[in-house]
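Structural description and commentary
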4 protein chains.
Amino acid sequence: MTSADTPLKPCHGPVGEQDAPRRGRPRSEAAEQAIYAAVEKLMEDGTGLSELSIERIAAEAGVGKATIYRRWPNKEALLVDVVARLEEPLPPLGGPTYRDDLISAVDYMRRRGLIKRSRWIVRSALGQMNAWPELKHTYHERVVHPRRQMIRQIVRRGVEEGELRADLDVELLCELLIGPILLRTVLWDDAPLEDPDLPRQMVDAALQGIGARPPAQRASSVPSAS
Amino acid sequence: MTSADTPLKPCHGPVGEQDAPRRGRPRSEAAEQAIYAAVEKLMEDGTGLSELSIERIAAEAGVGKATIYRRWPNKEALLVDVVARLEEPLPPLGGPTYRDDLISAVDYMRRRGLIKRSRWIVRSALGQMNAWPELKHTYHERVVHPRRQMIRQIVRRGVEEGELRADLDVELLCELLIGPILLRTVLWDDAPLEDPDLPRQMVDAALQGIGARPPAQRASSVPSAS
Amino acid sequence: MTSADTPLKPCHGPVGEQDAPRRGRPRSEAAEQAIYAAVEKLMEDGTGLSELSIERIAAEAGVGKATIYRRWPNKEALLVDVVARLEEPLPPLGGPTYRDDLISAVDYMRRRGLIKRSRWIVRSALGQMNAWPELKHTYHERVVHPRRQMIRQIVRRGVEEGELRADLDVELLCELLIGPILLRTVLWDDAPLEDPDLPRQMVDAALQGIGARPPAQRASSVPSAS
Amino acid sequence: MTSADTPLKPCHGPVGEQDAPRRGRPRSEAAEQAIYAAVEKLMEDGTGLSELSIERIAAEAGVGKATIYRRWPNKEALLVDVVARLEEPLPPLGGPTYRDDLISAVDYMRRRGLIKRSRWIVRSALGQMNAWPELKHTYHERVVHPRRQMIRQIVRRGVEEGELRADLDVELLCELLIGPILLRTVLWDDAPLEDPDLPRQMVDAALQGIGARPPAQRASSVPSAS
DNA sequence: CGATAACCGAGACGGTACGTCGAGTCTTGGC
DNA sequence: GCCAAGACTCGACGTACCGTCTCGGTTATCG
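- In the nomenclature of an unreviewed UniProt entry, chain A corresponds to TetR family transcriptional regulator from the organism Kitasatospora phosalacinea.

**Some details on the environment of T138 of chain D**
All names here are of chain D.
- Along the polypeptide, T138 turns up in helix α7 (residues 133-160).
- The class for T138 is buried, based on a relative accessible area of 14%.
- The spacing of T138 and R111 is 27 residues in sequence and 22 Å in space, taken between C-alpha atoms.

**A closer look at the UniProt feature "DNA-binding region" (unreviewed entry) in chain A**
- Mapped onto this structure's residue numbering, the UniProt feature "DNA-binding region" (unreviewed entry) falls at residues 53-72 of chain A.
- Overall, residues 53-72 of chain A shows 65% helix and 0% strand. The separation of its end C-alpha atoms is 14 Å.

**Topic: the interface of chain D and chain C**
- Across the contact, 43 residues belong to chain D and 41 residues belong to chain C.
- For the pair chain D and chain C, the summed buried surface comes to about 3,700 Å²; carbon and sulfur atoms form 63% of the total.
- Ranking the residues of chain D by area buried against chain C places N130, E175 and L187 of chain D at the top, with a combined share of 16%.
- The tally of links between chain D and chain C comes to 2 salt bridges.
- R184 of chain C serves as the salt-bridge partner of E175 of chain D, at 2.4 Å between the closest nitrogen and oxygen.
- On inspection of chain D and its partner chain C, the count reaches 4 residue pairs in polar contact (both at pLDDT 80 or more).
- Broken down by element, the side of chain D that touches chain C gets its largest block of residues, 11 residues, from helix α8 (residues 170-187) of chain D.
- Its residues assigned to classes, the side of chain D that touches chain C shows 19 nonpolar, 15 polar and 9 charged.

**Regarding helix α5 (residues 98-114) of chain B**
- In this model α5 of chain B runs 24 Å from its N-terminal to its C-terminal C-alpha over 17 residues, within 8% of the 24 Å that 1.5 Å per residue would give.
- Capping of α5 of chain B at its N-terminal end is provided by T97 of chain B; its side-chain oxygen lies 3.4 Å from the backbone amide nitrogen of R99 of chain B.

**A short note on the relation of the copies chain D and chain C**
- Of the two same-sequence chains, chain D is brought onto chain C (RMSD 0.3 Å, axial shift 0.1 Å) by a rotation of 180°. What the superposition gives is, in effect, a two-fold axis relating one chain to the other.
- A share of 91% of interface residues in chain D that are also interface residues in chain C marks the association as one of identical surfaces.

**Considerations on helix α4 (residues 75-86) of chain B**
Residue and element names in this part refer to chain B.
- Compared with the 16 Å implied by 1.5 Å per residue over 12 residues, the 17 Å span of α4 between its first and last C-alpha is a close match.
- By the criterion of burial, α4 is predominantly enclosed, with 10 of the 12 residues buried.
- Among the residues of α4, those classed as buried are E76, A77, L78, L79, V80, D81, V82, V83, A84 and L86.
- The N-terminus of α4 is capped by N74, whose side-chain oxygen sits 3.0 Å from the backbone nitrogen of A77.

**Details of the protein's contact with DNA strand E**
- In the vicinity of DNA strand E there are 45 residues, among which R70 of chain A, I54 and Y69 of chain B together with T67 and R70 of chain D approach most closely.
- Across the atoms of DNA strand E situated within 4 Å of the protein, the share located in sugar and phosphate is 70%.
- At 2.8 Å from a phosphate oxygen of DNA strand E is found a side-chain nitrogen or oxygen belonging to R71 of chain D.
- For the surface near DNA strand E, the secondary-structure elements that each account for two or more residues are α3 (65-69) of chain A, α2 (54-61) and α3 (65-71) of chain B together with α2 (54-61) and α3 (65-69) of chain C.

The rules behind each value
- Residues numbered from 1 in each chain as written.
- Chains lettered and ligands numbered in written order.
- Predicted model: local features only at pLDDT ≥ 70, side-chain atom pairs only at ≥ 80, totals over all residues.
- Heavy atoms only, no water.
- Helix = DSSP H or I, 4+ residues; strand = E, 2+ residues; numbered from the N terminus.
- Buried < 20%, exposed > 50% of the residue type's maximum accessible area, 1.4 Å probe, protein only.
- UniProt positions renumbered as here; feature names shortened; annotations may be inferred.
- Contact = heavy atoms within 4.5 Å.
- Buried area = accessible area lost by both parts, 1.4 Å probe.
- Salt bridge = Lys/Arg side-chain N within 4 Å of Asp/Glu carboxyl O.
- Polar contact = N/O pair within 3.5 Å; in protein donor to acceptor, adjacent residues only side chain to side chain.
- Nonpolar A, V, L, I, M, F, W, Y, C, P; charged D, E, K, R; others polar.
- Expected span 1.5 Å × (residues − 1).
- Least-squares fit on C-alpha atoms with pLDDT ≥ 70 in both.
- Near = heavy atom within 4 Å.

Dropping the structure here:
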């Protein structure tokens with residue numbers, strides 16, 4: 001078992017990656033790199049999504065606007081590729097226990113959240129989801145779904161091999177592991193993600209609980225609720 | 001025990017709520033309501049943050065642009081007040097157990113997440129946090145902090161009275177309870193928040209765990225969790 | 001013979017000079033004077049007609065905008081009254097010869113053209129004539145017509161008494177005497193109107209060409225003036 | 001002798017007529033013509049200077065506002081070019097006598113004054129001279145000075161060749177010939193300039209007073225004229 | 001080797017929205 | 001009913017970007 005099933009197709013190389021033999025002058029790789037570099041520099045400089053205009057990117061990259069529009073249909077599509085470029089491959093799994101694999105998976109997301117550009121993109125993507133379903137779809141496809149799939153897969157196998165409970169609510173577990181990371185990624189800049197022990201705490205909390213008093217004396221006090 | 005300590009000061013009445021005796025014609029309450037209504041209508045109609053221009057709001061509200069700018073310095077400040085207006089008071093607590101209170105608290109957030117406008121605003125706010133620290137601060141103050149504070153308070157008292165474990169990591173619990181709700185609020189529109197049993201599942205999962213194979217003696221003590 | 005027939009009715013006291021007994025608090029004379037003073041100060045400071053906003057006048061005068069609009073329907077009406085206030089009575093005529101009277105008349109216009117405010121107004125009035133026929137009418141009535149009438153009257157009597165030729169083209173003479181003054185008034189600021197001998201030169205130039213009696217008998221009657 | 005020495009440099013082609021090889025897409029000649037046409041249409045329709053907004057011009061011309069601002073820094077600069085475009089070359093001179101040339105010159109101005117657009121511009125230009133010295137300068141340079149220069153030149157040559165008196169006050173003659181035309185141009189719309197004999201009357205009026213060679217018997221009778 | 005085609009930078013194009021200013025009107029409390 | 005103050009709607013200002021479209025000029029491959 002290595003990483004996930006549907007490995008992130010980086011789709012890198014923007015739109016129109018035809019395999020038909022292109023004629024005429026080929027696209028300048030240098031221009032493309034300059035564009036990516038410009039976007040990332042601007043993101044790093046604290047530019048907001050709305051300030052991140054195509055004109056500013058073009059100027060920063062020393063490139064004509066048309067050179068950008070030739071590659072991406074609009075600003076958001078460019079961003080999608082920027083995020084794709086950033087997205088490193090999912091971590092190799094296959095630790096001694098499935099708990100270890102879950103910790104690895106969560107730690108992967110934690111480390112992503114520490115990258116400023118990554119936080120920038122998550123926030124912008126969320127902000128644009130109201131108006132732009134296409135971005136929502138792409139972001140789900142590239143980021144959200146692979147991560148959940150990774151966790152689902154670990155859980156499925158953990159259940160099959162008996163390490164995890166059979167009646168586990170997989171989706172709920174996904175959210176218990178992903179949600180807090182998202183929360184800490186988007187809401188703070190002074191990253192509360194730096195503690196490398198965080199993933200272990202989270203996985204153990206999700207798997208075993210962190211709040212209940214030892215069962216003996218609580219058995220009656222938790223009458224199973226509604 | 002009622003709701004939280006620092007009840008959400010709605011700050012309603014936009015900028016400049018001087019107590020100095022205002023001179024001249026007073027601001028029109030009707031105009032203000034029309035503006036709020038227009039924003040909410042546009043949000044409801046699926047307008048994105050970037051399409052939500054001041055000009056459109058003014059037109060929709062039948063109001064001059066200056067009337068908006070007189071009250072808020074920019075679009076985002078207006079949104080902050082829109083969100084503040086939406087924010088209903090935190091739920092009354094004081095259920096039979098602190099677990100019940102936690103479920104109430106999570107359910108409050110779940111119900112907020114079901115409101116389309118609320119989802120809209122959370123996303124927009126997150127998207128703007130990159131560029132606009134003031135909005136980040138306000139959003140934290142009005143939304144993030146009260147909610148965490150509410151949970152912290154429940155936990156603190158639950159620990160004091162012995163219902164919850166003393167070594168509980170309060171912050172981690174906060175994120176286990178808030179994170180998944182945020183996740184489901186911002187990532188999907190076909191709301192996966194509709195299940196009214198979700199809060200109970202989450203609280204129980206956080207408190208007791210959902211994954212670990214029962215050490216023999218715990219098998220019977222967690223019978224529920226459908 | 002004193003001045004003109006239709007003496008400039010200053011119309012001072014702006015709009016709504018009803019003789020019906022007004023009720024309530026009477027209009028403040030102080031406010032009115034402050035408004036006039038503010039306008040004249042702004043004109044003096046080199047403010048252009050388009051910069052001369054009602055708001056600025058009100059601020060300068062320490063007066064509410066409504067106080068201005070209560071008196072004049074708009075900016076231009078206010079200006080008309082400002083010009084009217086400036087307009088001193090036409091000069092007393094009745095010199096030894098009608099030629100002297102013409103020189104007096106021209107000199108009157110020359111002296112008006114030396115006043116900065118007066119130049120300011122002439123220019124502004126001309127500029128607005130394209131769009132605002134009411135101002136055109138008023139300006140004609142108050143300024144243009146009285147001046148022409150004054151000259152026509154002198155000429156008529158001069159002809160009657162035989163000093164001026166009977167076949168004199170009165171209208172042409174009017175323009176020969178008024179046009180150059182207007183030209184020097186509107187086109188230059190470094191006033192080329194300062195030479196007090198200018199009116200005599202102009203009158204003689206105009207008269208001896210189209211108005212002078214045949215030379216032989218006129219030789220003594222035009223003793224070349226000072 | 002043809003027209004004037006300093007022939008009206010039409011300066012056409014608005015701001016920035018660099019000879020540096022312009023890069024990028026060249027300015028659209030069509031857009032420029034559309035803008036001129038729109039301005040002239042609006043002027044013809046009786047729009048006043050203050051109603052002549054850039055937005056209206058742009059709409060009328062089917063052009064973006066930026067396309068206008070790219071060429072002229074403001075409304076008045078545009079007007080200057082509109083007037084320059086209108087200004088036809090000064091008339092060819094060289095008639096049988098200098099008196100004929102003067103009549104031609106005056107008739108040229110008379111005909112200009114008959115053009116509605118021309119009247120419109122003269123008035124607007126005068127109105128703006130209070131606040132905008134740059135326009136004053138340009139208007140002088142393009143319109144006022146060439147016309148005076150034309151007359152001065154005729155007079156100079158007429159004096160040299162003995163047709164005109166040597167002690168002629170050239171500047172006064174200029175104003176006697178220009179002033180009345182200006183007067184009739186700006187003060188009336190029902191054009192009192194239509195009489196084609198007017199220039200002859202004016203020239204004869206001016207000349208026989210201050211410029212005509214004495215018919216033998218008048219030589220001594222007009223000795224003065226300092 | 002020359003033609004052709006797509007690229008490149010620059011920048012103008014018609015638009016939309018920005019945030020400001022002023023017009024002329026309306027609405028307070030106070031005189 | 002006037003006053004100062006300042007709100008109101010409306011519309012123009014001049015700027016910034018949007019995404020598209022020429023320009024002259026630069027590489028590529030194809031014939």
